[in-house]
Amino acid sequence: MVLALTVCGIVVALVVLGLFVFGLRRRLIQRSGGTFDCSLRWDVPEKPDTSGKGWSYGVARYNGDRIEWYRVFSYAYRPRRTLERAAIEVVGRRLPEGEEELALLSDSVVLTCLHRGTRLELAMSDDALTGFLAWLEAAPPGQRVNVA
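Residues numbered from 1 in each chain as written. Predicted model: local features only at pLDDT ≥ 70, side-chain atom pairs only at ≥ 80, totals over all residues. Heavy atoms only, no water.

Under an unreviewed UniProt entry, the name given to the protein chain is DUF2550 domain-containing protein, and the source organism is Streptomyces spinosisporus.

Below, the structure written as structure tokens:
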């Protein structure tokens, strides 16, 4: 009985520690500001796939002329993807359809982009989308920015 209680106590302590580390990591990512919730689907086909598969929930952070994207459910402190402003080309935007509505946050808008020849989709709120497009258009003089 004592062994079972000890094992249960250790398991509970590990779960609490894991949740604390998730929260601390997110806090460290957000401390520099300029972050927004953003789901990402990398290397998608040209035909819109509304099955809801392939989406990863994350947090994006503006860092100079780059956006750093972090998975929410990860312990890594380094970004999973880095998107350079000069290499992002916005191809289109749409509302989530079908099962995508269940896979994404409510009131998300899906933005289809090309980044160095790779087709990707970003899903974010209307407010985050406005900020993202303003950031893209605010590129320094001489940089080419394509916004559809």
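Resuming the write-up.
The next thing to look at is the overall build of the protein chain. The helix and strand tally for the protein chain stands at 3 helices and 8 strands. Listed by position from the N terminus, the elements making up the protein chain come as α-β-β-β-β-β-β-α-β-β-α. Taking 2.2 N^0.38 as the reference for a compact globule, 148 residues should give roughly 15 Å; the C-alpha atoms of the protein chain span a radius of gyration of 18 Å, well beyond that estimate. Dimensions along the principal axes, computed over C-alpha positions, put the protein chain at roughly 70 × 35 × 25 Å. Counting only residues that meet the buried cut, the protein chain has 35% of its 148 residues in that class. Within the protein chain, residue pairs in contact and separated by at least 24 positions form 53% of the contacts whose partners lie at least 6 positions apart. Of the accessible surface of the protein chain, which amounts to about 9,100 Å², a share of 58% is contributed by carbon and sulfur atoms. Of the charged side chains in the protein chain, 19 are positive and 17 negative; the average position of the first set lies 9 Å away from that of the second. (Helix = DSSP H or I, 4+ residues; strand = E, 2+ residues; numbered from the N terminus. Rg over C-alpha atoms; globule rule 2.2 N^0.38 Å. Buried < 20%, exposed > 50% of the residue type's maximum accessible area, 1.4 Å probe, protein only. Contact = heavy atoms within 4.5 Å. Areas by Shrake-Rupley, 256 points an atom, 1.4 Å probe, with all protein chains shown as cover. Lys, Arg positive; Asp, Glu negative; His and termini not counted. Charge placed at Lys NZ, Arg CZ, Asp CG, Glu CD.)

Another aspect to go through is the sheet that holds strand E8 (residues 118-125). Strand order in the open sheet formed by 4 strands is E2-E8-E7-E6, with antiparallel pairing between adjacent strands. Both outer strands of the open sheet, strand E2 (39-42) and strand E6 (88-94), are each paired with one neighbouring strand and no more. Averaged over all pairs of adjacent strands, the angle between strand axes in this sheet comes to 25 degrees, irrespective of strand direction. In the sheet, E6 pairs with strand E7 (residues 108-115) via 6 bridges, with the strands oriented antiparallel. From the neighbouring strand, Ile88 faces E7, where its bridge partner is His115. Its contacts with the sheet place helix H3 (residues 126-137) against E6, E7 and E8, and it is angled at close to 130 degrees to E8. (Pairing = 2+ DSSP bridges. Axes fitted to C-alpha atoms, helices over the stretch in contact; angles between N-to-C directions.)

A separate point is the environment of Val110. Summarising the element assignment, Val110 is placed in strand E7. According to the relative accessible area criterion, Val110 is buried, its value standing at 0%. Residues Val110 and Glu97, spaced 13 residues apart in sequence, show a C-alpha to C-alpha distance of 9.7 Å. Discounting chain neighbours no more than four positions away, the residues touching Val110 are Trp55, Gly92, Arg93, Arg94, Pro96, Leu104, Glu121, Leu122 and Ala123.

This next bit is on a nonpolar patch on the surface. Judged by side-chain polarity, Ile10, Leu14, Leu17, Phe20, Val21, Leu24 and Tyr75 come together as a nonpolar surface patch covering roughly 700 Å² of accessible area. You can see Ile10 is positioned in helix H1 (residues 2-30). Assessed through its relative accessible area of 48%, Ile10 is described here as partly exposed. (Patch = residues over 30% accessible without salt bridge, like charges linked within 9 Å, V, L, I, M, F, W, Y side chains within 5 Å. Salt bridge = Lys/Arg side-chain N within 4 Å of Asp/Glu carboxyl O.)

Another aspect to go through is H3. For H3, built from 12 residues, the straight-helix expectation of 16 Å at 1.5 Å per residue is met to within 8% by its first-to-last C-alpha distance of 17 Å. Listed in full, the buried residues belonging to H3 are Ala128, Leu129, Phe132, Leu133, Trp135 and Leu136. Looking straight down H3, one finds its buried side chains confined to an arc of 155 degrees; they lie on one side. Away from the buried face of H3 by more than 90 degrees, exposed residues Asp127, Thr130 and Glu137 are located. The inward-facing, buried residues of H3 abut strand E1 (35-37), strand E3 (58-63), strand E4 (66-71), E6, E7 and E8. (Expected span 1.5 Å × (residues − 1). Arc of directions from axis to C-beta.)

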